[in-house]
Amino acid sequence: MAKRKSQLSMLDHSKAKVKLLEKYLEKYLNIISNDGFTSKINIFDLFCGEGIYENEGEGSPIAILKCLKDLHYINKAKNKNIPSIDLIFNDKDEFKIEKLKGIVEEKKLHENVFGKLSFRSKDYKNIIDNLSTYINSLKNEKAFIFIDPYGYKEIRASEIKKLLASKKSEILLFLPTQFMYRFDERGTPQALIEILEELVDMKDWKPSLSVYSFIEQFKDALKNYLGKDFFVDTFSIEKNEATVFCLFFFSSHIRGFEKMLETKWQIDDDEGKGWSYEKTGNLFSNFKTNLLEQKLITLLSTGNKVYNGIVYEYTLRSGFLPTHTVEIFNSLQTEGKLEVTTEKDEKVRKGAFYINYENYKSSPKKVYFKLK
Ligand SMILES: C[S@@+](CC[C@H](N)C(=O)[O-])C[C@H]1O[C@@H](n2cnc3c(N)ncnc32)[C@H](O)[C@@H]1O
């Protein structure tokens with residue numbers, strides 16, 4: 001048999017990718033399975049690979065299966081029922097799918113009681129339309145889709161949009177941004193134009209000064225393309241100085257988005273912009289330095305009443321967590337620069353800002369903020 005083109009050893013950047021997937025899924029599954037509303041969760045790993053690499057590295061399907069097993073047994077121990085979780089693993093390469101099936105069986109990674117487990121061996125391009133239709137028909141169900149191609153040539157912004165349309169899904173997409181960016185330095189190649197052509201501000205596209213500004217520009221273009229109802233964030237993974245990959249996260253639900261940001265910040269408490277293997281020579285420093293404080297001051301300087309609900313959403317859309325904003329507001333308040341008032345112009349006790357999901361849902365106009 002001819003030697004198959006395959007990634008035999010799992011590389012460090014792939015481990016970082018799988019770690020983020022795993023940590024996020026843990027949070028996501030916990031919330032969704034206990035929301036009292038969702039009757040089934042559907043997880044799709046569309047470029048799943050073979051499961052375990054020659055160096056024993058565990059790929060995305062194994063991480064997903066382990067999350068599921070843990071979730072099941074943790075809830076069982078608490079006598080809690082959780083919705084069934086259906087898994088669909090797909091890879092164009094039949095050989096890899098067969099290998100993965102064997103591993104799942106041999107290691108007993110799945111039990112029928114968790115939900116349905118299916119394997120497919122199809123080209124992503126041939127399933128994406130049916131998958132979008134399926135997801136858009138879901139009622140009390142949710143979907144999580146992991147898209148992990150080798151390159152970026154197969155991906156289109158319009159496919160992401162279709163998968164998100166019904167607001168039932170979250171997507172994690174892995175892209176080799178460094179390769180895309182390198183092309184961008186020399187002139188945007190056809191494949192990148194194809195991903196981006198539907199993005200509204202492609203005509204304003206500027207060659208980027210660094211891979212990180214490329215990622216920011218690409219993210220902004222995706223945000224504009226998808227519109228206000230959706231949330232987009234990124235997580236960069238630096239393989240080495242010359243190679244940067246990026247996970248793009250898409251959500252239609254602010255709570256799911258917050259969980260993704262929490263995961264990022266948990267993995268890298270630096271600034272949530274990404275994860276570097278070595279903390280020295282940090283390439284993210286350009287993005288740091290009180291970026292959130294500057295943003296919040298701009299937001300509060302418009303002269304309009306800026307309510308707690310607005311600040312919560314603004315914080316997340318900026319890639320930060322409510323705890324960060326609370327820290328900044330505490331400091332502004334202590335310096336006498338921030339006024340917090342209820343709608344009825346009553347004073348509010350010091351340190352109470354109501355910037356969290358619960359208030360966003362139930363009382364997004366509980367208090368408003370003004371700079372003094
Ligand atoms: C980067 S690897 C996936 C790695 C895997 N997620 C993991 O964590 O180990 C990409 C996979 O996509 C598969 N693939 C490539 N083109 C595909 C396509 N058009 N449709 C579906 N799978 C494809 C390859 O066989 C390969 O296993």
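This structure is a prediction, so every number in the text was calculated from the model and none was measured. (Residues numbered from 1 in each chain as written. Predicted model: local features only at pLDDT ≥ 70, side-chain atom pairs only at ≥ 80, totals over all residues.)

Before going further, it helps to spend a moment on the site of the ligand. The local shell around the ligand holds 18 residues, among which Phe 47, Gly 49, Gly 59, Ser 60 and Tyr 124 are the closest. Within the residue set of the shell around the ligand, elements represented by two or more residues are helix H1 (12–33) and helix H4 (124–136). Looking at the shell around the ligand residue by residue, the class counts come to six nonpolar, four polar and eight charged. (Near = placed C-beta within 6 Å. Helix = DSSP H or I, 4+ residues; strand = E, 2+ residues; numbered from the N terminus. Nonpolar A, V, L, I, M, F, W, Y, C, P; charged D, E, K, R; others polar.)

On to the packing of H4 against helix H5 (residues 157–164). In the contact formed by H4 and H5, the axes pass within 8 Å of each other and the chain directions differ by 25°. Put simply, H4 runs roughly parallel to H5. Note on element contacts: H5 touches H4 through Glu 159, Lys 162 and Leu 163, opposite Ile 128, Leu 131, Ser 132 and Ile 135. Taken together, the residues of the contact of H4 with H5 sort by class into four nonpolar, one polar and two charged. (Axes fitted to C-alpha atoms, helices over the stretch in contact; angles between N-to-C directions. Parallel < 35°, antiparallel > 145°, perpendicular 65-115°, else oblique. Contact = placed C-beta atoms within 7 Å.)

Further remarks concern the pairing of strand E1 (residues 40–45). The side chains of a regular strand alternate between the sheet's two faces. Of all six residues that make up E1, five are buried, and the element is covered over most of its length. By the bridge criterion, six bridges tie E1 to strand E2 (residues 84–90) in an arrangement that is parallel. What sits directly across from Phe 44, in E2, is Ile 88. Between E1 and its parallel partner E2, the chain crosses via helix H2 (residues 60–77), and the hand of that crossover is right-handed. Strand direction decides the pairing type here: E1 and strand E4 (residues 141–147), joined by six bridges, are parallel. In the sheet register, Ile 41 faces E4, and the bridge partner there is Lys 142. (Buried ≥ 20, exposed ≤ 12 C-beta atoms within 10 Å, placed from the backbone. Pairing = 2+ DSSP bridges. Right-handed = clockwise from strand over helix to strand, strands pointing away.)

With that settled, the discussion passes to the sheet that holds strand E10 (residues 338–342). What holds strands together in a sheet is hydrogen bonding between their backbones, with the strands either parallel or antiparallel. The antiparallel open sheet is built from three strands, whose spatial order is E9-E11-E10. The two strands at the open ends of the sheet, each matched to only one other strand, are strand E9 (306–307) and E10. Alignment of E9 against strand E11 (residues 367–371), held across two bridges, turns out to be antiparallel. Among the inter-strand pairings, Tyr 307 is bridged to a residue of E11, identified as Tyr 368. Packing of helix H10 (residues 291–300) onto the sheet brings it into contact with E9 and E11, and relative to E11 it is tilted by some 100°.

This part takes up unusual backbone geometry. Residue Glu 56 is not a glycine yet carries a positive backbone phi of 75°. Relative to the helices and strands, Glu 56 is located in the loop between E1 and H2. Overall, the presence of 8 C-beta atoms within 10 Å leaves Glu 56 in the exposed class. Here the phi dihedral of Lys 108 falls at roughly 50°; this positive angle occurs in a residue that is not glycine. One can find Lys 108 in the loop between helix H3 (94–106) and strand E3 (117–120).

This brings us to the confidence of the model for the chain. Per-residue pLDDT for the chain has a mean of 86; in total, 87% of the residues score no lower than 70. Every residue in residues 1–6 is under pLDDT 50, and counting partners more than four places away or in other chains gives one contact. (pLDDT = per-residue confidence, 0-100.)

Summarising burial for strand E7 (residues 243–251): eight of the nine residues are buried, a large majority. The sheet contact formed by strand E5 (residues 169–175) and E7 spans six bridges and is antiparallel. If you follow Leu 173 over to E7, its bridge partner there is Phe 248. Direction of pairing for strand E6 (residues 231–240) relative to E7: antiparallel, over a ladder of nine bridges. Within E7, the position partnered with Asp 233 by the bridge is Phe 249.

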